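Structural characterization, general
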Amino acid sequence: MMEQALVRAEAAEEAGGFHSVDTSIVLFFLAMELAASAGGNGLDLGLSLLAIAAFAVLPYFLPGRHEAMPFLHWLGGRTAIALVGAFAGLGFAFAIAPAAAPAYASLPMTLLIFAAFVSCLVQLYVMMKVSLAR
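The text that follows walks through the structure, step by step, so that each part is easy to find. A quick note: this is a predicted structure, and the numbers were derived from the prediction, not measured.

It is worth spelling out the packing of helix α3 (residues 42–57) against helix α4 (residues 71–96) at this point. Taken N-terminus to C-terminus, the directions of α3 and α4 make an angle of 135°; their axes are 9 Å apart at the nearest point. By the angle between their directions, the pair α3 and α4 is classed as oblique. Of the two elements, α3 crosses α4, and the hand of that crossing is right-handed. From α3, Ile 52, Phe 55, Ala 56 and Val 57 reach across to α4, where they touch Phe 71, Trp 74, Leu 75, Arg 78 and Ala 82. A class-by-class count of the residues in the contact of α3 with α4 yields eight nonpolar, no polar and one charged.

So this is what it looks like as structure tokens:
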């Protein structure tokens, strides 16, 4: 019984590094999409900010290697990722999108959807790896 718990804990520890990487990518593209499509109504802006806050804070509470890291240090890094994404989105909206074809206007949302899909696949892999270690 104790061996099973140790194996599951080792598998969770080994797979825990994925949480911060894949959610960071989704956070980046979410901030990029929000900045690129600035000018939406209040409800759209509120929901986007709520999603950014969730992707910035909630992965800290998932098990992983970052558990020894202080929360404010974690939040500072995630805020930096969101700010870089927002600046990339603003750069995309003002510099690239007007000169490019109209089809490229939806590029940040396309990348966000793809990153969220990959993140879901990684999370499923982590859950299956931990349950198979049983």
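This is not the end of the story, as more comes after the structure.
Let us look at α3. For α3, spanning 16 residues, the distance from its first C-alpha to its last is 22 Å, which sits close to the expected 22 Å at 1.5 Å a residue. Within α3, burial applies to Ser 48, Ile 52 and Ala 56. Axial view of α3: buried residues confined to an arc of 75°, hence all on one face. When the buried face of α3 is taken as reference, the exposed residues oriented beyond 90 degrees from it are Gly 42, Leu 43, Leu 47 and Leu 50.

Turning to the packing of aromatic side chains, a few remarks are in order. Counted by the stated rule, this structure contains five aromatic pairs. A centroid spacing of 5.3 Å and a plane angle of 75° characterise the contact between Phe 28 and Phe 29, whose relative ring orientation is edge-to-face. Exposure remark for Phe 28: the relative accessible area of 22% places this residue in the partly exposed category.

Okay, a nonpolar patch on the surface next. Where nonpolar side chains cluster on the molecular surface, the patch consists of Phe 114, Phe 117, Val 118, Leu 121, Leu 124 and Met 127 and spans about 610 Å² of accessible area. Within the element layout of this structure, Phe 117 appears in helix α5 (residues 107–132).

With that settled, consider the environment of Ala 80. Along the chain, Ala 80 falls in helix α4. Assessed through its relative accessible area of 39%, Ala 80 is described here as partly exposed. A C-alpha to C-alpha distance of 10.0 Å links Ala 80 and Ala 56, two positions 24 residues apart in sequence.

Rules and cut-offs
- Residues numbered from 1 in each chain as written.
- Predicted model: local features only at pLDDT ≥ 70, side-chain atom pairs only at ≥ 80, totals over all residues.
- Heavy atoms only, no water.
- Axes fitted to C-alpha atoms, helices over the stretch in contact; angles between N-to-C directions.
- Helix = DSSP H or I, 4+ residues; strand = E, 2+ residues; numbered from the N terminus.
- Parallel < 35°, antiparallel > 145°, perpendicular 65-115°, else oblique.
- Left-handed = near helix turned anticlockwise from the far one by under 90°.
- Contact = heavy atoms within 4.5 Å.
- Nonpolar A, V, L, I, M, F, W, Y, C, P; charged D, E, K, R; others polar.
- Expected span 1.5 Å × (residues − 1).
- Buried < 20%, exposed > 50% of the residue type's maximum accessible area, 1.4 Å probe, protein only.
- Arc of directions from axis to C-beta.
- Phe/Tyr/Trp six-rings, centres within 6.5 Å; stacked < 30°, edge-to-face > 60°.
- Patch = residues over 30% accessible without salt bridge, like charges linked within 9 Å, V, L, I, M, F, W, Y side chains within 5 Å.
- Areas by Shrake-Rupley, 256 points an atom, 1.4 Å probe, with all protein chains shown as cover.
- Salt bridge = Lys/Arg side-chain N within 4 Å of Asp/Glu carboxyl O.

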